[in-house]
Amino acid sequence: MVFAVEEINSDPHLLPNLTLGYLAADTCLAESTTLSTALTMVTGLQVSRAGDGCQSAPAVPVIIGDARSSSSMVIADTLGVFDVPMVSYMASCVCLSNSVKYPRFFRTMPSDALQARAMAKLLQLLGWSWVGLVSADDDFGRFAIQILTEELRGTGVCVAYHQVVPKGYAKEKLKSMVETIKRSSAKVVVTFIIGQDAKALMEEVVHQNITDKQWLANDAWVTLAAVSAAHNIPSLAGTLGFALRKADMPGLALGKSIYADVAQLRATYNVYKAVYAIAHAIKDMLACLPGSGLLINGQCPDVMNFHPYELSQYIGRVNFTTPLGEQLYFDENGDPPASFDILNWHVTPQGKVEFVDIGYFVSSEGSGGRFHIDMDRVIWGGGQGDRVPVSICSTPCPAGARKAVQKGRPECCFDCVRCPGGEISNETGSVDCIRCPARFWSDSDNTVCLPQQVDFLSHNDIMGIILSIVSVAGAIMTAGTLTTFLYYRNTPLVRANNSEVSFMLLVSLKLCFLCALAFIGRPVAWSCALRHTLFGISFVLCISCLLSRTVVVLVAFRSTLPGENLMRYFGPAQQRLGISFCTLVQVLICVLWLVLAPPQPAERGVRENRGPKIVLECDVGSVVGFGLVLGYIGFLACLCLLLAFLARKLPDNFNEAKLITFSMLIFCAVWVAFVPAYISSPGKYTVAVEIFAILASSYGLLLCIFAPKCFILLLRPERNTKKHLMAR
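Everything quoted here is computed from the prediction, not taken from an experiment.

Definitions and limits used
- By convention here, each chain's residues receive numbers from 1 onward along its written sequence.
- Only residues with pLDDT of at least 70 are given local features in this predicted model, and only at 80 or more are side-chain atom pairs given and counted; all residues enter the totals for whole chains, interfaces and linings.
- The side-chain values count all of the structure's non-hydrogen atoms but skip hydrogen atoms and water molecules.
- The way it works is that DSSP assigns letters per residue, a run of H or I at least four long becomes a helix, a run of E at least two long becomes a strand, and they are numbered from the N terminus.
- We call a residue buried when its accessible area falls under 20% of the maximum for its residue type, exposed when it is over 50%, and partly exposed in between, using a 1.4 Å probe and counting protein chains only.
- Contacts were defined at the residue level, with two residues in contact if any of their heavy atoms lie within 4.5 Å.
- Here the Shrake-Rupley method, with its probe set to 1.4 Å, supplies the accessible areas, and only the displayed protein chains count as covering residues.
- Axis definition: a line fitted to C-alpha atoms, over the contacting stretch in the case of helices. Angles run 0 to 180 degrees between N-to-C directions.
- The scheme is simple: roughly parallel for angles under 35 degrees, roughly antiparallel for over 145, roughly perpendicular for 65 to 115, oblique for anything else.
- Should the near helix be turned counterclockwise from the far one by less than a right angle, the crossing is left-handed, whereas a clockwise turn marks it as right-handed.
- Any two strands are treated as partners once DSSP identifies two or more bridges connecting them.
- Handedness of a crossover is defined as follows: orient the strands so they point away from the viewer, and if the path from the first strand over the helix to the second runs clockwise, the crossover is right-handed.
- Throughout, disulfides are identified as pairs of cysteine sulfur atoms within 2.5 Å of each other.
- Here, expected helix span is obtained from the residue count minus one, scaled by 1.5 Å.
- Any N or O atom pair separated by 3.5 Å or less is treated as a polar contact, with the protein-specific requirement of one donor-capable and one acceptor-capable atom, and with residues adjacent in sequence counted only for side-chain atom pairs.
- As used in this record, nonpolar core signifies buried Ala, Val, Leu, Ile, Met, Phe, Trp, Tyr and Cys residues forming a set joined through side-chain atoms within 4.5 Å.
- Residues enter patches when they are more than 30% accessible in relative terms and free of salt bridges; like-charged ones are connected within 9 Å and nonpolar ones (Val, Leu, Ile, Met, Phe, Trp, Tyr) within 5 Å.
- Between Lys or Arg on one side and Asp or Glu on the other, a salt bridge is scored when a side-chain nitrogen of the former is within 4 Å of a carboxyl oxygen of the latter.
- Classification of ring pairs rests on two measures: the distance between centres of Phe, Tyr or Trp rings, Trp counted by its six-membered ring, which must be within 6.5 Å, and the angle between planes, read as stacked under 30 degrees, edge-to-face over 60 and tilted in between.
- Amino acid classes used here: Ala, Val, Leu, Ile, Met, Phe, Trp, Tyr, Cys and Pro are nonpolar; Asp, Glu, Lys and Arg are charged; the rest, including Gly, are polar.
- Of all possible arcs, the one meant is that of the directions from the helix axis to the C-beta atoms.

Peer 1: Please give an account of the overall build of the protein chain that cites residues and values.
Peer 2: When its secondary structure is counted, the protein chain shows 19 helices and 24 strands. The 728 residues of the protein chain split such that 48% are buried. Nonlocal contacts in the protein chain, meaning residues at least 24 apart in sequence, comprise 65% of its contacts between residues at least 6 apart. For the protein chain, the accessible surface area stands at approximately 34900 Å², while carbon and sulfur atoms represent 59% of it.

Peer 1: Before we move on, could you go through the packing of helix α15 (residues 572-596) against helix α16 (residues 623-646) and cite the residues and values that matter?
Peer 2: When two helices pack together, their arrangement is given by the angle between their axes and by how far apart the axes lie. Across the interface, α15 lies against α16 with an axial gap of 9 Å and an inter-helix angle of 170°. One finds that α15 runs roughly antiparallel with respect to α16. Regarding α15 and α16, the two cross each other, and that crossing is left-handed. Contacts between α15 and α16 involve Cys-582, Val-585, Gln-586, Ile-589, Cys-590 and Trp-593 on the former and, on the latter, Gly-625, Phe-626, Leu-628, Val-629, Tyr-632 and Ile-633.

Peer 1: Residues and numbers for the pairing of strand β9 (residues 214-217), please.
Peer 2: Neither face of β9 is left uncovered, since the one carrying Gln-214 and Leu-216 and the one carrying Trp-215 and Ala-217 both have all their residues buried. Where strand β8 (residues 188-192) lies against β9, 4 bridges are found, and the strand directions are parallel. Counterpart to Val-188 in the pairing with β9 is Gln-214. Tracing the backbone out of β8, into helix α7 (residues 195-207) and back to the parallel element β9 gives a crossover that is right-handed.

Peer 1: With reference to specific residues and values, describe the state of the cysteines.
Peer 2: Taken as a whole and assessed by the stated rule, the structure comprises 8 disulfides. Across the disulfide from Cys-158 sits Cys-412; the S-S distance is 2.1 Å. Taking the sign of the torsion about the S-S bond as the criterion, the disulfide between Cys-158 and Cys-412, at about 80°, is right-handed. Here Cys-158, found in strand β7 (residues 158-165), pairs with Cys-412, found in the loop between β16 (401-405) and β17 (414-418); they are 254 residues apart in sequence, far enough to count as distant. No difference in accessibility class separates Cys-158 from Cys-412, as the two residues are buried. Note that Cys-288 is cross-linked by a disulfide to Cys-300, the S-S spacing being 1.9 Å. Since a negative S-S torsion denotes a left-handed disulfide, the Cys-288-Cys-300 link at about -80° is left-handed. On the criterion of sequence distance, the pair formed by Cys-288 in the loop between α9 (258-286) and α10 (308-317) and Cys-300 in the loop between α9 and α10 is long-range, its members being 12 residues apart.

Peer 1: Which residues make up the side chain of Thr-484, and what values do they have?
Peer 2: Tracing the sequence through the fold places Thr-484 in helix α11 (residues 462-487). With residues near it in sequence (within four places) discarded, Thr-484 still touches Leu-713 and Leu-714.

Peer 1: Could you give an account of helix α5 (residues 139-152), with specific residues and numbers?
Peer 2: In this model α5 runs 20 Å from its N-terminal to its C-terminal C-alpha over 14 residues, within 8% of the 20 Å that 1.5 Å per residue would give. The inward-facing, buried residues of α5 abut α4 (112-126), β6 (130-136), β7 and β8. Where α5 begins, the side chain of Asp-138 points an oxygen toward the backbone nitrogen of Gly-141, at a separation of 2.8 Å. In the segment just after α5, Gly-154 is the residue with positive phi, at about 85°.

Peer 1: How would you sum up the sheet that holds strand β5 (residues 105-107)? Please name residues and give values.
Peer 2: Here we have 3 strands laid out as an open sheet, ordered β3-β4-β5, and parallel in their pairing. Edge strands, defined here as strands with exactly one partner in the open sheet, are β3 (63-64) and β5. Here strand β4 (residues 86-88) pairs with β5 via 3 bridges, running parallel. Within the sheet, the bridge partner assigned to Met-86 lies in β5 and is Phe-105.

Peer 1: Before we move on, can you summarise the nonpolar core with the specific residues and values?
Peer 2: Ranked by size, the top nonpolar core spans 67 residues in total, and within it Met-664, Phe-667 and Ile-691 carry the most contacts. Among the secondary structure elements, those contributing two or more residues to this core are α11, α12 (492-496), α13 (499-515), α14 (525-558), α15, α16, α17 (657-680) and α18 (685-715). Of all hydrophobic cores here, the second largest spans 53 residues; its members include Leu-133, Ile-147, Val-205 and Ile-342.

Peer 1: So what about a nonpolar patch on the surface? Which residues, and what values?
Peer 2: A surface patch of nonpolar side chains, amounting to about 430 Å² of accessible area, comprises Val-591, Leu-592, Val-595 and Leu-596. By secondary structure assignment, the location of Val-591 is in helix α15.

Peer 1: Before we move on, could you go through the pattern of salt bridges and cite the residues and values that matter?
Peer 2: As enumerated under the stated definition, the model contains 12 salt bridges in all. Note that Arg-117 is salt-bridged to Glu-151, the shortest N-O span being 3.8 Å. With Arg-117 in helix α4 and Glu-151 in helix α5, the pair connects residues that are 34 residues apart, well separated along the chain. The residue Glu-603 makes a salt bridge to Arg-439 at a minimum N-O spacing of 2.4 Å. A residue pair is termed long-range when its members are at least 10 positions apart, and Glu-603 in strand β23 (residues 600-606) and Arg-439 in the loop between β19 (434-435) and β20 (440-442) qualify at 164 residues. Judged by relative accessible area, which is 36%, Arg-439 ranks as partly exposed.

Peer 1: Summarise the pairing of β6; cite the residues concerned and give the values.
Peer 2: With 7 of its 7 residues buried, β6 lies for the most part within the structure. On β6, burial covers both faces: Trp-130, Gly-132, Val-134 and Ala-136 on one face and Val-131, Leu-133 and Ser-135 on the other are all buried. As defined by bridge partners, β6 adjoins β7 across 7 bridges and the pair is classed as parallel. Bridging across to β7, Ala-136 finds its partner in Val-165. Viewed along the sheet, the connection from β6 through α5 into β7 turns out right-handed.

Peer 1: Kindly report on the packing of aromatic side chains, identifying the contributing residues and their values.
Peer 2: This structure, assessed with the given rule, holds 14 aromatic pairs. Judged by centre distance (4.9 Å) and plane angle (85°), the ring pair of Tyr-487 and Tyr-488 falls under edge-to-face. Tyr-488 sits in the partly exposed class, given a relative accessible area of 23%. By the ring-pair criterion, three or more aromatic residues cluster together here, those being Phe-535, Phe-539, Phe-667, Trp-671 and Phe-674.

Peer 1: So what's going on with unusual backbone geometry? Which residues, and what values?
Peer 2: Going from Gly-65 to Asp-66, the amide bond is cis rather than trans, its omega being -5°. Among the structural elements, Asp-66 can be located in the loop between β3 and α3 (69-79). Positive phi is not limited to glycine here, since Asn-17 has a value of about 60°. Secondary-structure assignment places Asn-17 in the loop between α1 (2-9) and α2 (31-43).

Peer 1: Tell me about the packing of helix α6 (residues 171-183) against α7, and name the residues and values.
Peer 2: For the pair α6 and α7, the least separation of the axes is 10 Å and the interaxial angle reads 65°. Along this stretch, α6 crosses α7, giving a crossing that reads as right-handed. Taking contact as the criterion, the partners of Lys-171, Leu-174, Lys-175, Met-177, Val-178 and Ile-181 in α6 are, on α7, Ala-200, Leu-201, Glu-204 and Val-205. Grouping the constituent residues of the contact of α6 with α7 by class yields 7 nonpolar, no polar and 3 charged.

Peer 1: Break down α1 for me, citing the residues and quoting the values.
Peer 2: Inspection of α1 places Ala-4, Val-5 and Ile-8 among the buried residues, and these make up the whole buried set. Seen from one end, α1 has its buried residues packed into an arc of 100°, which puts them on one side.

Peer 1: Hey, could you go over the environment of Ser-312 for me, with residue numbers and the actual values?
Peer 2: By the element assignment, Ser-312 lies in helix α10. Leave out the neighbours within four places in its chain, and Ser-312 touches Pro-85, Arg-104 and Phe-106.

Peer 1: If you had to explain the side chain of Thr-686 to someone new, which residues and values would you point to?
Peer 2: Secondary-structure assignment places Thr-686 in helix α18. In this structure Thr-686 comes out as buried when scored by relative accessible area, which is 7%.

This is the structure we're talking about:
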């Protein structure tokens with residue numbers, strides 16, 4: 001301080017024609033002495049001086065001190081009543097940044113909050129998410145840990161434990177604390193302690209031979225290194241750590257004993273800056289002119305007779321560069337800008353403690369400060385080589401899984417849960433699984449969303465090919481039968497079975513076979529409308545023909561009264577009219593269905609072992625319409641079966657009622673079995689079941705009714721005579 005005052009007084013430019021004075025006192029590191037001395041300085045009351053007796057001390061407008069945060073809090077509380085400013089050179093407690101409680105407090109020592117912020121950034125940079133905390137049992141330790149915890153909130157870094165170095169360094173408490181550190185899975189220990197605390201802690205750490213921890217410490221460790229070397233503390237071989245040293249001396253050569261003297265030099269330099277801050281505040285007071293922007297309450301203060309409050313205002317406004325090149329100013333809380341050196345310290349095999357400056361943190365640059373670290377210069381301990389040590393509670397979850405926090409433990413401790421089907425995580429350590437977008441599904445590893453398989457009965461499927469072949473074969477057989485009947489249309493067998501109705505029946509059967517092809521392929525609007533209407537109309541036409549033939553045969557052979565000529569009501573014209581009427585009813589039902597609620601292509605999700613599929617199908621649109629179509633077919637089929645059953649005992653050579661009965665039994669059996677099979681079939685197999693029912697019933701009608709006749713026409717022509725037909 002004396003050096004700084006004399007340097008300022010000898011500077012012809014800083015405070016010309018003005019000499020600074022000072023009053024220095026030793027507080028003996030006692031809070032009571034500190035407070036009484038400060039009060040004496042600012043009030044000018046009697047003070048006892050060794051060898052001088054009692055003399056009056058001059059009143060001073062500003063206090064430089066104290067070195068300790070606790071003492072500075074006491075002085076700031078008391079002197080605040082008198083509006084006397086104070087500038088501390090070593091007090092770093094976060095609590096002193098409260099401008100409401102300590103409005104006249106300034107300091108040239110950066111706040112511990114900035115150091116805690118730098119530590120938090122360093123932990124994130126190195127990927128250490130599971131750490132232990134050790135703090136001093138005082139305001140410095142408590143506030144520093146509080147700030148660090150707040151800085152770590154939301155960063156993914158969790159605290160495994162928090163231990164407090166006991167006052168008095170009781171052996172059992174220290175032993176228990178270090179055992180907790182040793183047992184913990186956290187490989188990184190963050191400390192906020194003073195030099196004596198660090199010395200006591202490390203002695204116990206060495207005693208328990210803990211060599212697998214990485215230490216991240218405040219600048220007390222720098223002092224500890226010198227103390228350790230001077231007092232031959234046992235070697236810390238294999239132990240490594242980082243220390244944040246406040247970079248308060250830019251460009252200053254510290255000489256050969258840099259680490260031994262750094263603490264004292266830092267305090268000296270901070271006092272030096274405090275004196276210069278006061279000198280520049282007085283300089284601004286001297287430069288005050290009306291309209292200069294340096295006014296207080298609209299007027300300039302009297303430098304020779306100013307109030308301490310006025311000096312406090314000017315101290316808060318200073319912004320200058322020290323003779324050593326460092327810029328100094330105070331923020332709204334009285335804190336200076338901070339910069340920290342990041343030191344990598346380790347113990348050589350010879351037992352010598354070495355520090356390597358590997359980076360820095362500057363709080364004044366940017367909203368979050370500027371952080372730099374040279375990883376190539378870091379020496380890792382614990383046999384890590386050049387690999388960054390790992391300190392995590394749980395191994396990061398692989399892609400395809402998410403974190404599930406363990407109950408009652410920090411968020412860094414978690415289990416890995418595999419993503420459910422339809423969700424993925426494509427990064428290591430994912431917190432949540434991401435749901436796949438519509439029409440996509442997760443792969444087997446739950447890492448990629450793949451387009452869902454679109455399933456429908458395609459012409460390229462083996463099943464689709466087989467059903468197409470069977471359908472076309474049935475249509476060809478029907479066409480062949482129709483050709484045969486046309487060729488033999490004038491023979492007794494064809495004429496006896498009403499050739500016109502037979503032709504209509506064969507045409508309708510051909511449509512039944514061909515309508516099955518409409519069910520194969522990707523469903524579109526026109527195919528959905530065609531498949532159901534063509535199916536309904538063709539089957540009604542087919543059954544109407546069978547019903548007409550059955551009625552004609554039944555009436556012809558049941559008419560027994562003389563002169564009764566019922567057949568005049570069932571001639572060819574009446575048969576055509578009846579068939580047309582029955583078919584027209586189905587056509588009207590289909591038209592209303594298509595107009596009011598037509599079948600439309602639809603998608604339906606079907607879950608399988610390998611994930612859901614998108615099944616393309618034709619939605620019937622109106623269940624009532626679809627039910628009427630099927631119900632009408634069923635009604636005609638049952639009526640035809642009943643009439644054919646009644647006519648089953650008519651003369652065999654002429655009557656085909658037995659064949660119709662048998663064919664209708666097959667038809668009804670197929671469609672009764674169709675219902676449960678259709679409901680239980682998944683995906684495209686529902687369409688396959690429907691096609692199978694159409695083809696099976698069509699083949700049943702074709703073979704049962706026309707196969708015997710074709711056999712006679714082609715292989716037994718001698719039986720195709722009127723005599724043979726009328727034999728019974």
